[in-house]
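Spelled out, the chains give:
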Amino acid sequence: MIVRDLGHVEYRPTVEAMKAFTQARGVDTPDELWVLEHPPVFTQGIGGKEEHLLAPGDIEVIKTDRGGQVTYHGPGQIVVYVLCDIRRAKLGVRDLVTALEQAIIAFLSEFGLAAEADPKAPGVYVSSEKIASLGLKISRGSSYHGLALNINPDLEHFGRINPCGYAGLRVTSLAQLLAERCPSQADAGARLVEHLRSKLPLR
């Protein structure tokens, strides 16, 4: 498996690069994790409803091909795109979602945080507040898109939408929960990747 640290990258070209990678991959192409951060953007999944965009203001809204409703990406958030041959890994979509959730939960447990997943609303929650969102696309037996974990983003932006299509859903971050104990973005990203390696049967 290859891990690529892409840094701060625009949303549109990154999605196009994921599509191109997925279309070009063969049976022996290694799986990849792309670790990155986006500038502020709201993204609408394939089933996204306009009613969940409350007041996007000057932040661009992009319709995309992942599952799910609307979410926010921006600085202070770790995004990990999971480019995985799920047929080769013998994973169902639900298996992949569960593995991603369990990796995030294990990461958060390092800081003494008791997190949990919700089978009715994919993602990871701490005390009923969402700290990580998930959204995937499956094409040609392979996945792309992935997860977004809030380290220290501007949480005000989540108030401009119904996060993941849920009115009133509260969103939190590692910085809000840990204050001065919050790790740096780089350290958090490296540790999260290690948990993903342990939970995902990628190669």
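Structure: above.
This structure is a prediction, so every number in the text was calculated from the model and none was measured.

K.L.:
Looking at this structure, I do not really get the sheet that holds strand β6 (residues 77–85). What am I missing?
P.N.:
One key point about sheets: their strands pair by backbone hydrogen bonds, in either a parallel or an antiparallel sense. In spatial order, the strands read β1-β2-β6-β10-β9-β8-β7; together these 7 strands make up an open sheet with mixed pairing. With partners counted over all chains shown, the strands left at the sheet margins are β1 (2–8) and β7 (115–117), one partner each. Neighbour-to-neighbour, the strand axes of the sheet open up by a mean angle of 20 degrees, direction not taken into account. For strand β2 (residues 32–37) and β6, the ladder comprises 5 bridges, and the chain directions are antiparallel.

K.L.:
Hey, could you run me through the environment of E180 in this one?
P.N.:
With respect to the secondary-structure elements, E180 resides in the loop between α3 (174–178) and α4 (185–199). With 113 residues separating them along the chain, E180 and G67 place their C-alpha atoms 35 Å apart.

K.L.:
Hey, could you run me through the sheet that holds strand β3 (residues 41–44) in this one?
P.N.:
Taken together, 3 strands build an open sheet; the order of strands is β4-β3-β5 and the sheet is mixed. Each edge of the open sheet is held by one strand with a lone partner, namely β4 (61–63) and β5 (70–73). Each adjacent strand pair in this sheet contributes to an overall mean axis angle of 30 degrees, direction not counted.

K.L.:
I'm lost on the pairing of strand β8 (residues 123–126) in this one. Help?
P.N.:
In regular strands, side chains alternate between the two faces of the sheet. Here β8 shows two buried faces, one formed by G123 and Y125 and the other by V124 and V126. Pairing of β7 with β8 involves 3 bridges; the strand directions are antiparallel. In the sheet register, A117 faces β8, and the bridge partner there is V124. Counted along the chain from β7 to the antiparallel partner β8, the turn is 5 residues long.

Definitions and limits used
- Residues numbered from 1 in each chain as written.
- Predicted model: local features only at pLDDT ≥ 70, side-chain atom pairs only at ≥ 80, totals over all residues.
- Heavy atoms only, no water.
- Pairing = 2+ DSSP bridges.
- Helix = DSSP H or I, 4+ residues; strand = E, 2+ residues; numbered from the N terminus.
- Axes fitted to C-alpha atoms, helices over the stretch in contact; angles between N-to-C directions.
- Buried < 20%, exposed > 50% of the residue type's maximum accessible area, 1.4 Å probe, protein only.

Nothing here speaks to function; it is all geometry.
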